[in-house]
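Chain and residue survey
Residue-level listing of the chains:
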Amino acid sequence: MRTAFIEELCKLAEEEERIWLLCGDLGYSVLERFRDRFPNRYVNVGVAEQNMTGMAAGLALCGKIVFTYSIANFPVMRCLEQIRNDICYHHANVKIVAVGGGLAYGAQGYTHHGVEDLAVMRVLPEMTVIAPGDPVETRLATRAIVSYNGPCYLRLGKAGEPIVHQTDPKFEIGKAILMRDGSSVTLISTGGMLATVMQAAQRLAENGIAARVLSMHTLAPLDREAILAAAAETGGIVTVEEHGIGGLASAVAEVLAVAGYAVPFRALHLPRKPTSHAGTQESLRSVHGLSVEGIVTVARALT
């Protein structure tokens, strides 16, 4: 995902001279292609993410389109006050990019696990929150947020994520992508779980269960219509996210509760308790049921 992001950003920066990129002393082997082509619009601020956020807000208020980039929690949790007060309060045109969302940096342990970010960012005023499902969605999301005037949060995986879309889908901020249709159950995925959810849907289809799959790449604003249609037209809803409480599941549950829909609902996400051991992303996912088998088991129980 990060490669798709930087490649698209470089293309966009050729077209739009207002685009700047700020990073916090990382991104080596990834960001050099932007730095080398646009040295006057690239700043490595060092290990000073709060300063990076303040600088980004200032540049944005001078008319720039500013991207900040760092690993997992660092551009979010470390500078939440600056995001809230400098960016959101002033509706500054800053795009916060977190690479390695979820458990992508599993071997580095809990300090590098980005598992509360969606919950935190989606409650901030003015903030648009996007977690693309694959490199194709990443490229389209990058282009979409450049065109959008206002604060955005872009949650990426790390590297090597599989391509799920074989052609470019219609990508619109706030609108889910229908990956496959079905009436038995709906699987709603956000972020890097999309490939796993699609595999689970295929497994269910082989057992006579027609699963609708929605790629909910935008959490704020949320596609309320797609959720309510799933509740009315399928036998139940399962949300799948590489995140803790307060993210996709909570957002979907809020929509259903407010609308008064009594639909079978299950949420697959990480527990509130921090993961106390390190491991590969795949192994940590499996521990918490974020696997093809885990999704299939939960979905079958609803049908």
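Remember, it's a predicted structure, so these values are computed and weren't measured experimentally.

**Digging into the overall build of the chain**
Across its full length, the chain holds 11 helices and 12 strands. With respect to the three principal axes, the spread of C-alpha positions in the chain is 55 × 40 × 35 Å. Counting all 303 residues of the chain, 58% fall into the buried class. A fraction of 76% describes how many contacts in the chain between residues 6 or more apart in sequence connect residues 24 or more apart. For the chain, the accessible surface area stands at approximately 12200 Å², while carbon and sulfur atoms represent 50% of it. Averaging the coordinates of the 27 positive side-chain charges in the chain and doing the same for the 30 negative ones gives two points 2 Å apart.

**Some details on the environment of A253**
Checked against the element boundaries, A253 lands in helix α9 (residues 248–259). When its relative accessible area of 31% is taken as the criterion, A253 is described as partly exposed. Note: C-alpha distance between A253 and R266 (13 residues apart in sequence) is 9.6 Å.

**A few points about the pairing of strand β4 (residues 94–99)**
With respect to burial, β4 is a largely interior element, 6 of its 6 residues being buried. Note that the unit made of strand β3 (residues 65–71), helix α4 (residues 80–88) and β4 has a crossover that is right-handed. As paired strands, β4 and strand β6 (residues 152–155) are joined by 4 bridges and run parallel to one another. The residue of β6 that forms the bridge with V97 is L154.

**Section: the packing of helix α3 (residues 49–61) against α4**
One can describe the packing of α3 onto α4 by two numbers: an axis separation of 9 Å at closest approach and a directional angle of 5°. When the axes of α3 and α4 are compared, the pair comes out roughly parallel. On α4, the residues touching Q50, T53, G54 and A57 of α3 are Q82, I83, D86 and I87. Along the lines of polarity and charge, the residues of the contact of α3 with α4 split into 3 nonpolar, 4 polar and 1 charged.

**Concerning helix α1 (residues 2–15)**
Here α1 spans 20 Å end to end across 14 residues, near enough to the 20 Å set by a 1.5 Å rise per residue. What α1 keeps buried is the set R2, A4, F5, I6, E8, L9, C10, L12 and A13. Tucked inside the fold, the buried residues of α1 contact β1 (19–23), α2 (32–37), β3, β4, α6 (135–147) and β6.

**A closer look at the side chain of E242**
For E242, the location among the structural elements is in the loop between β11 (237–240) and α9. Within polar-contact distance, the side chain of E242 engages the side chain of R285 at 2.7 Å.

**Describing the sheet that holds strand β2 (residues 42–44)**
Think of a sheet as strands paired side by side through backbone hydrogen bonds, with each pair either parallel or antiparallel. Strand order in the open sheet formed by 7 strands is β2-β1-β3-β4-β6-β5-β10, and the pairing between neighbours is mixed. Every interior strand has two partners, whereas the edge strands, β2 and β10 (218–220), have only one. For this sheet, the mean angle separating the axes of adjacent strands, direction not counted, is 20°. Pairing analysis gives 3 bridges linking β1 to β2, with the strands arranged parallel. Paired with L21 across the bridge in β2 is Y42. Relative to the sheet, α1 contacts β1, β3, β4 and β6, its axis offset from that of β1 by approximately 145°. Docked against the sheet, α6 engages β1, β3, β4, β5 (128–130) and β6, running at close to 170° with respect to β6.

**Observations regarding unusual backbone geometry**
Between A220 and the following residue, P221, the backbone shows a cis peptide bond with an omega angle of 0°. Here P221 lies in the loop between β10 and α8 (224–233). Even without glycine at this site, D25 takes up a positive phi of about 60°. Relative to the elements of secondary structure, D25 occurs in the loop between β1 and α2. In this structure D25 comes out as partly exposed when scored by relative accessible area, which is 36%. In the Ramachandran plot, E126 falls in the positive-phi region, its phi being about 75° despite a non-glycine side chain. Along the polypeptide, E126 turns up in the loop between α5 (117–122) and β5.

What counts and what doesn't
- Residues numbered from 1 in each chain as written.
- Predicted model: local features only at pLDDT ≥ 70, side-chain atom pairs only at ≥ 80, totals over all residues.
- Heavy atoms only, no water.
- Helix = DSSP H or I, 4+ residues; strand = E, 2+ residues; numbered from the N terminus.
- Buried < 20%, exposed > 50% of the residue type's maximum accessible area, 1.4 Å probe, protein only.
- Contact = heavy atoms within 4.5 Å.
- Areas by Shrake-Rupley, 256 points an atom, 1.4 Å probe, with all protein chains shown as cover.
- Lys, Arg positive; Asp, Glu negative; His and termini not counted.
- Charge placed at Lys NZ, Arg CZ, Asp CG, Glu CD.
- Right-handed = clockwise from strand over helix to strand, strands pointing away.
- Pairing = 2+ DSSP bridges.
- Axes fitted to C-alpha atoms, helices over the stretch in contact; angles between N-to-C directions.
- Parallel < 35°, antiparallel > 145°, perpendicular 65-115°, else oblique.
- Nonpolar A, V, L, I, M, F, W, Y, C, P; charged D, E, K, R; others polar.
- Expected span 1.5 Å × (residues − 1).
- Polar contact = N/O pair within 3.5 Å; in protein donor to acceptor, adjacent residues only side chain to side chain.

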